[in-house]
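Each chain, letter by letter, is given below.
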Amino acid sequence: MLKSYNCDFHIHTCLSPCAELDMHPQALVKKAREANLDIIAVCDHNASENTPFVIKAAQGKNLSVLPGMEITTSEEVHLLAVFDSLANQAALQCVVYKHLAGINDEKRFGVQAIVNEAGEVEGINNRLLIGATSLPLIEVINYIHKFQGIAIAAHIDRESFSVMGQLGFIDESINFDALEVTRVTGLGGAGKKYPELSHYSFIVSSDSHFLKDVGTAVTRLVLDQISVPEIKMAFKGENGRRVLED
Ligand SMILES: [Zn+2]
Ligand SMILES: [Zn+2]
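Residues numbered from 1 in each chain as written. Chains lettered and ligands numbered in written order. Predicted model: local features only at pLDDT ≥ 70, side-chain atom pairs only at ≥ 80, totals over all residues.

## Some words on helix H8 (residues 228–236)
So, step 1. Within H8, the full set of buried residues consists of Ile231, Ala234 and Phe235. Summarising the axial view, the buried residues of H8 lie within an arc of 100°, below the 170-degree limit, and thus occupy one face.
So, step 2. Buried residues along H8 sit against strand E7 (150–153), strand E8 (178–181), strand E10 (219–223) and strand E11 (242–244).
So, step 3. One or two residues past the end of H8 sits Gly237, with phi positive at roughly 70°. (Buried ≥ 20, exposed ≤ 12 C-beta atoms within 10 Å, placed from the backbone. Helix = DSSP H or I, 4+ residues; strand = E, 2+ residues; numbered from the N terminus. Arc of directions from axis to C-beta. Contact = placed C-beta atoms within 7 Å.)

## Description of unusual backbone geometry
So, step 1. You will see that Asn36, though not glycine, has its phi angle at about 70°, which is positive.
So, step 2. For Asn36, the location among the structural elements is in the loop between helix H1 (25–34) and strand E2 (39–42).
So, step 3. What makes Asn36 exposed here is the crowd of 9 C-beta atoms within 10 Å.

## Looking at the sheet that holds strand E9 (residues 202–204)
Working definition: the strands of a sheet are paired by backbone hydrogen bonds and lie parallel or antiparallel to each other.
So, step 1. Taking strand neighbours across the sheet as the criterion, the 9 strands line up as E9-E8-E7-E4-E3-E2-E1-E10-E11 in an open arrangement whose pairing is mixed. Among the strands making up the open sheet, the edge pair consists of E9 and E11. If you compare each strand with its neighbour and ignore which way they point, the axes differ by 35° on average.
So, step 2. Sheet analysis places E8 next to E9, joined by 3 bridges and oriented parallel. In the strand pairing of E9, Glu180 is matched with Ile203.
So, step 3. Across the sheet, helix H7 (residues 186–193) lies against E8, E9 and E10, angled at about 145° from E9, the strand it touches most. (Pairing = 2+ DSSP bridges. Axes fitted to C-alpha atoms, helices over the stretch in contact; angles between N-to-C directions.)

## Here we look at the pairing of strand E1 (residues 3–11)
So, step 1. Alignment of E1 against E10, held across 5 bridges, turns out to be antiparallel. Bridge pairing links Asn6 to Arg220 in E10.
So, step 2. Of the strand pairs in this sheet, E1 and E2 are connected by 3 bridges, and their pairing is parallel. Bridged to Asp8 within E2 is Ile40.
So, step 3. For the crossover that starts at E1, traverses H1 and ends in the parallel E2, the hand is right-handed. (Right-handed = clockwise from strand over helix to strand, strands pointing away.)

Given below as structure tokens:
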């Protein structure tokens, strides 16, 4: 049965160096439910180790957690990948780590904590997650699609680390499944600001790095069930699946 879901496909955890340590799985799930979100995607910078713990923390809480990632491409463009299985997220992670060099400087960039569903620290990720991979944008999109994921251009209305900011335009041939804007532009503003991109679907996400940000942006999707193919249909407006604009 078709139903509308409150979605935020861009939420970080304390694994991202720039996110606060309070963004651990349990706290994040609690805040997402308080904000009435139905579906979230965990998108840490170039990493994914906290995703299984967020999924565990959400069990029985009426919240669907999709495995995701915010990849930094070689052009320094942020790209979101959203999957409906941990195996597909792991496949992309393997590729990303092969193309990500460097060691994190905690004092400079922040701690990258792996925290379980009970709030216990499981370990520290020492890779330079804030860095750029050596993978060009087109190649990352191809990998995401190969692993049955959704490729979304992150915060295109921001100057830094966005496809518009870094490349200056979006080539029609780039196979994004959707374009994300921040709440500053909003879904209503996106169509007006980017009329030349109207053939893409827009979403709005919170890009939460702090608990207080969770719930500040919501995209409502009409889906029959929660899966990548259903979300892709919604982005294409097929068979009643759609993005609700409000
Ligand atoms: Zn970003
Ligand atoms: Zn982000």
